[in-house]
Amino acid sequence: MAYKITDKCISCGTCAGACPVSCISKGDDKFKIDPEVCIECGTCAGVCPVEAPVKDDENND
Ligand code: SF4
Ligand code: SF4
């Protein structure tokens, strides 16, 4: 299980700098999380201004 970034992302980059394991990077149209590295700490969700990162454990696209 990991966090994922939804289409709400405005590519501000704040989460990438805050992630303790540096698993967030810039994608084509939004930032993305490497699920193999994410430790599900929730920091990205806490710092995101638009609540784009969500726990990837439901149908929450
Ligand atoms: Fe990084 Fe934590 Fe967000 Fe996973 S939940 S992407 S480890 S900040
Ligand atoms: Fe996207 Fe939120 Fe990360 Fe900014 S903090 S890059 S809006 S997911």
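Not measured: the values here are computed from a predicted model.

Caption draft 1: Structural context of the site of ligand 2. By nearness alone, 14 residues border ligand 2, and Cys-9, Cys-12, Gly-13, Cys-15 and Cys-48 come closest of all. Partitioned by chemical class, the residues of the shell around ligand 2 number 11 nonpolar, three polar and no charged.

Caption draft 2: View of the nonpolar core. Among the nonpolar cores identified, the biggest contains 14 residues, and Ile-5, Cys-23, Ile-24, Ile-33, Cys-38 and Cys-44 are the most heavily contacted of them. Apart from residues no more than four positions distant in its own chain, Ile-5 is found in contact with Cys-15, Ile-24, Lys-30, Phe-31, Lys-32, Ile-33, Ala-52 and Pro-53.

Caption draft 3: Inspection of the site of ligand 1 at higher detail. Taken together, the neighbourhood of ligand 1 is formed by 14 residues, with Cys-19, Cys-38, Cys-41, Gly-42 and Cys-44 sitting nearest. Split into classes, the residues belonging to the shell around ligand 1 amount to 11 nonpolar, two polar and one charged.

The rules behind the values
- Residues numbered from 1 in each chain as written.
- Chains lettered and ligands numbered in written order.
- Predicted model: local features only at pLDDT ≥ 70, side-chain atom pairs only at ≥ 80, totals over all residues.
- Heavy atoms only, no water.
- Near = heavy atom within 4 Å.
- Nonpolar A, V, L, I, M, F, W, Y, C, P; charged D, E, K, R; others polar.
- Core = buried A, V, L, I, M, F, W, Y, C linked by side-chain atoms within 4.5 Å.
- Buried < 20%, exposed > 50% of the residue type's maximum accessible area, 1.4 Å probe, protein only.
- Contact = heavy atoms within 4.5 Å.

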